[in-house]
Amino acid sequence: MSDQVLSALEQFFLRWQRDGEGRRGLPLCDWEADWRSPCELDEPREGRVAWRPFQREQAADFTAMANALELTLHPSAIALFGHWFSRPLPCSFKGLRIELILPWNDADLDLLKENLIGHLLMLRKLKRSPSLFIATTRNEMTLVSLDNESGQVWLEWLDSGRRLTLAPSLPAFLARLETLPQ
């Protein structure tokens with residue numbers, strides 16, 4: 001499954017780069033001297049730097065996180081978060097505007113892991129099945145999440161616990177993403 005996730009993610013990045021760079025050139029983000037990333041393509045100009053998603057040489061390790069939670073993490077989530085660095089990517093799924101979450105650097109990956117742990121502990125306390133958020137929506141109480149058991153992708157309402165299946169798997173979800181301007 002993780003190979004399928006990586007392939008679908010790579011195809012999405014290619015679409016995102018082709019569409020975005022074709023319309024506006026390389027994406028720019030605010031440059032922070034103490035928050036560097038291998039995604040950065042050149043030196044900053046006027047406080048901004050061009051960037052692209054960057055594939056890690058070695059996959060990130062989620063063993064400590066899984067052990068701390070006493071939970072086997074779905075391989076799709078590990079593939080999504082563990083192989084690439086990127087800014088959040090604006091996109092849409094069947095008209096729903098979202099931002100796909102990926103870490104910018106190793107420190108950001110650590111923050112992402114902490115947030116995922118907090119999310120999973122909250123769900124455990126609420127006696128809900130475990131999910132891992134993968135994208136944000138405009139409503140802070142609504143996330144796109146990966147069901148940790150089945151690998152389905154859900155639209156998840158945190159305040160009510162309601163969940164709507166968006167795709168049967170992460171690769172199927174990624175294949176349906178449409179690019180949006182950065």
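Relevant structure appears above.
Described in the following lines is the structure provided in the data block. Keep in mind that this is a model prediction, so the values were computed, not measured.

1. Notes on the nonpolar core
Soluble globular proteins tend to bury their nonpolar side chains together.
Argument step 1. Counting 53 residues, the largest nonpolar core has Ile134, Val144, Val153, Leu170, Phe173, Leu174 and Leu177 as the members making the most contacts within it.
Argument step 2. The greatest single-element share of this core, amounting to 7 residues, is contributed by helix H1 (residues 2–24).
Argument step 3. With residues up to four places along the chain from it excluded, the contact list for valine 153 reads Ile134, Val144, Ser145, Leu146, Leu164, Thr165, Leu166, Ala167, Ser169, Leu170 and Phe173.

2. Concerning the pattern of salt bridges
Argument step 1. Summed over all chains, the structure comprises 5 salt bridges.
Argument step 2. One salt bridge connects arginine 56 with aspartate 106, and the closest N-O pair in it is separated by 3.0 Å. Here the residue arginine 56 occupies a position in the loop between strand S3 (54–55) and helix H2 (63–69), and aspartate 106 occupies one in helix H4 (residues 106–125), the gap between them amounting to 50 residues.
Argument step 3. Classification of arginine 56 by relative accessible area gives buried; the value is 16%.
Argument step 4. By relative accessible area, which is 46% here, aspartate 106 ends up partly exposed.

3. What to know about empty space enclosed by the protein
Argument step 1. Enumeration over the complete set of coordinates arrives at 1 cavity of 30 Å³ or more.
Argument step 2. Its boundaries defined by the atoms lining it, the largest cavity holds a volume of some 40 Å³.
Argument step 3. At 3 residues, helix H3 (residues 75–82) tops the list of elements feeding residues into the lining of the largest cavity.
Argument step 4. Along the lines of polarity and charge, the residues of the lining of the largest cavity split into 8 nonpolar, no polar and no charged.

4. Focus on H3
Argument step 1. With 6 of 8 residues buried, H3 lies mostly within the body of the structure.
Argument step 2. Listing the buried residues of H3 in full gives Ser76, Ala77, Ala79, Leu80, Phe81 and Gly82.
Argument step 3. Looking at the packing, one finds that the buried side of H3 touches H1, strand S4 (84–85), H4, strand S7 (131–137), strand S8 (142–147) and helix H5 (170–176).

5. Quick notes on the state of the cysteines
Argument step 1. Following the criterion strictly, the structure yields 0 disulfides and no others.
Argument step 2. Considering cysteine sulfurs only, cysteine 39 is the nearest to cysteine 29, which forms no disulfide, with 8.4 Å between them.

6. Some words on the sheet that holds S8
Argument step 1. Strands sit in the order S10-S9-S8-S7-S6-S5-S11 across an open sheet of 7 strands; the sheet is antiparallel. One side of each edge strand has no neighbouring strand; the edge strands of this open sheet are strand S10 (163–167) and strand S11 (178–179).
Argument step 2. Judged from the 3 bridges that link them, strand S6 (residues 96–100) and S7 form a sheet pairing that is antiparallel. Bridge pairing links leucine 100 to alanine 135 in S7.
Argument step 3. Together, S7 and S8 form the strand contacts of H3, whose direction differs from that of S7 by roughly 45 degrees.

7. Structural notes on the side chain of serine 86
Argument step 1. Mapped onto the elements, serine 86 comes out in the loop between S4 and strand S5 (89–93).
Argument step 2. If we skip the residues at most four places from it in the chain, serine 86 touches Cys39, Trp51, Pro53, Leu102, Pro103 and Trp104.

8. Looking at the layout of surface pockets
By rolling a water-sized probe across the atoms, one finds the places where empty space is left.
Argument step 1. Estimated volume of the largest pocket: approximately 200 Å³.
Argument step 2. Considering the residues around the largest pocket, the lining is formed by 13 residues, among which Pro88, Ile101, Leu102, Pro103 and Asp108 are closest to the centre.
Argument step 3. The leading source of residues in the lining of the largest pocket is H4, at 4 residues.
Argument step 4. Partitioning the lining of the largest pocket into residue classes produces 9 nonpolar, 2 polar and 2 charged.

9. Structural notes on the packing of H1 against H3
Argument step 1. Contact pair H1 / H3: the axes reach a minimum separation of 8 Å and the direction vectors enclose 40 degrees. One finds that H1 runs oblique with respect to H3. Crossing of H1 over H3 shows right-handed handedness. Contact with H1, carried on its side by Ser2, Val5, Leu6 and Leu9, involves Pro75, Ser76, Ala79 and Leu80 of H3 and no other residues of that element.
Argument step 2. By residue class, the composition of the contact of H1 with H3 is 6 nonpolar, 2 polar and no charged.

The rules behind these values
- Residues numbered from 1 in each chain as written.
- Predicted model: local features only at pLDDT ≥ 70, side-chain atom pairs only at ≥ 80, totals over all residues.
- Heavy atoms only, no water.
- Core = buried A, V, L, I, M, F, W, Y, C linked by side-chain atoms within 4.5 Å.
- Buried < 20%, exposed > 50% of the residue type's maximum accessible area, 1.4 Å probe, protein only.
- Helix = DSSP H or I, 4+ residues; strand = E, 2+ residues; numbered from the N terminus.
- Contact = heavy atoms within 4.5 Å.
- Salt bridge = Lys/Arg side-chain N within 4 Å of Asp/Glu carboxyl O.
- 1 Å grid on protein atoms, 1.4 Å probe; cavity = no way out; pocket = protein on both sides within 12 Å on 5 of 7 lines; lining within 4 Å.
- Points joined across faces, edges and corners; volume = space filled by probe spheres on them.
- Nonpolar A, V, L, I, M, F, W, Y, C, P; charged D, E, K, R; others polar.
- Disulfide = S-S within 2.5 Å.
- Pairing = 2+ DSSP bridges.
- Axes fitted to C-alpha atoms, helices over the stretch in contact; angles between N-to-C directions.
- Parallel < 35°, antiparallel > 145°, perpendicular 65-115°, else oblique.
- Left-handed = near helix turned anticlockwise from the far one by under 90°.

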